[in-house]
Amino acid sequence: MPIFTIITVCYNEAGNIKKTLESVINQTFNDYELIVVDGGSTDGTIDIVKQYEGYFAWWCSEPDNGIFNAMNKGVSHATGNYVIFINAGDWFYDENVLDNVYKSGLKADIIEGHTIRADKMIRHRPVYKDIYEHLFTDTLSHQGTFIRRELLLAHPYDEKYKIVSDWKFWIETLILEKNTYAFVDMDIAYFDMSGISFTQIELRENEREKVYQELFPPQMVGFIHSYNKAYSLALVKYAVYLDEHSPRGYKLVRKLAKRVVKVVNHIRK
């Protein structure tokens, strides 16, 4: 059983897939498996993929029902202790990523590091005062996160959603269950900003609302809406980095977040 499974999902990514695969096979840590799930590309992606098939534990090229269907398909063939999704257009920060994560100690169920926006080369540093608070306004980056395979099998991505299925997974595993989270202070991957989650904001927010309604009782949804509204107002009024630049703004957000977490903890009992 390998330590890591890297799953790469792609569809018509002839211009990006080589960089992604090279970043995996060049890792200095060798106890991993690579799975590629292609959605039936017609642009030459498959010709490139076949050049690397000797490195794959499993791969396919066939029509699917979207990215989360493809990700679930990849998980169903995974055997590693931890899974990370490095999809076409994403790539590991350097050749030592897997080795560094392994040496950091693999104890938590979900392990997250830094990611870098590939379009602007801006580092995203997920150092949260409270992971619960963060998930009510944002999400975790799957390109920077290693997940115990058992969690992905127990909570397959909900394929009725086009954008927020991974966010729903974080809510289920980190808020509604007592699974553990750890942050590692290292760069994991560059991520592509052209995906649907960054380009269809209205659809994303509509889907998030449906997840709230699905997972939480009405009174909880009301708390969440109050929290998100206050957070948005504080962002505008007090500056983006509330905890660093405006104690007043962060205090406002923190107060409402505590109410949210209090209800969450009641639900967990």
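Residues numbered from 1 in each chain as written. Predicted model: local features only at pLDDT ≥ 70, side-chain atom pairs only at ≥ 80, totals over all residues. Heavy atoms only, no water.

Some words on the overall build of the protein
Helix and strand content of the protein: 12 helices and 9 strands. When burial is assessed residue by residue, the protein has 51% of its 269 residues classed as buried. Residue pairs at least 24 apart in sequence account for 77% of intrachain contacts in the protein once pairs closer than 6 positions are excluded. In the form shown here, the protein has an accessible surface area of approximately 13000 Å², with 50% of it arising from carbon and sulfur atoms. (Helix = DSSP H or I, 4+ residues; strand = E, 2+ residues; numbered from the N terminus. Buried < 20%, exposed > 50% of the residue type's maximum accessible area, 1.4 Å probe, protein only. Contact = heavy atoms within 4.5 Å. Areas by Shrake-Rupley, 256 points an atom, 1.4 Å probe, with all protein chains shown as cover.)

Some details on helix 3 (residues 67-76)
Most of helix 3 sits out of view: 8 of its 10 residues are buried. Those residues of helix 3 not exposed but buried are Phe68, Asn69, Ala70, Met71, Asn72, Lys73, Gly74 and Val75.

Considerations on the environment of Gly89
Structurally, the position occupied by Gly89 is in the loop between strand 4 (82-85) and strand 5 (91-92). Between the alpha carbons of Gly89 and Lys18 there is a distance of 9.1 Å; along the sequence they are 71 residues apart. Filtering out sequence-adjacent residues up to four positions away, Gly89 remains in contact with Asn16, Thr20 and Asp192.

Considerations on the side chain of Lys168
Here Lys168 shows up in helix 7 (residues 165-175). Setting aside anything within four residues of it in sequence, one finds Lys168 in contact with Asp158, Lys160, Tyr161, Val211, Glu214 and Leu215.

As for the environment of Leu34
Structurally, Leu34 is set in strand 2 (residues 32-38). In this structure Leu34 touches Ile6, Thr8, Leu21, Val24, Ile25, Tyr55, Phe56, Ala57 and Trp58, once residues within four positions along its chain are discounted.

Some points on the side chain of Ser41
Structurally, the position occupied by Ser41 is in the loop between strand 2 and helix 2 (45-50). Within the structure, the side chain of Ser41 is placed 2.6 Å from the backbone nitrogen of Asn12, a separation counted as a polar contact. Sequence-distant contacts of Ser41, defined by excluding residues within four places in its chain, comprise Cys10, Tyr11, Asn12, Ile46 and Ser61. (Polar contact = N/O pair within 3.5 Å; in protein donor to acceptor, adjacent residues only side chain to side chain.)

Digging into the pattern of salt bridges
The final tally for this structure, using the stated rule, is 8 salt bridges. Note that Asp109 and Arg148 form a salt bridge whose closest N and O atoms lie 3.0 Å from each other. Of this pair, Asp109 sits in the loop between helix 4 (97-103) and strand 6 (110-117) while Arg148 sits in strand 8 (residues 145-148), and the two are 39 residues apart along the sequence. Between Asp158 and Lys168 there is a salt bridge whose closest N-O contact spans 2.7 Å. With a gap of 10 residues between them, Asp158 in the loop between helix 6 (149-154) and helix 7 and Lys168 in helix 7 connect regions that are remote in the sequence. Assigned by exposure class, Asp158 and Lys168 land together as buried. Because the salt bridges share partners, they merge into one network encompassing Asp158, Lys160, Lys168 and Glu214. (Salt bridge = Lys/Arg side-chain N within 4 Å of Asp/Glu carboxyl O.)

Quick notes on the packing of helix 7 against helix 9 (residues 201-215)
Two elements in contact, helix 7 and helix 9, have axes separated by 10 Å at closest approach and are oriented at 30°. Comparing the axis directions of helix 7 and helix 9 gives the class roughly parallel. For the pair helix 7 and helix 9, the crossing hand works out as right-handed. Of the residues in helix 9, those touching helix 7 at Trp167, Lys168, Ile171 and Glu172 are Arg208, Val211, Tyr212, Glu214 and Leu215. (Axes fitted to C-alpha atoms, helices over the stretch in contact; angles between N-to-C directions. Parallel < 35°, antiparallel > 145°, perpendicular 65-115°, else oblique. Left-handed = near helix turned anticlockwise from the far one by under 90°.)

Coordinates in, geometry out; function isn't part of it.
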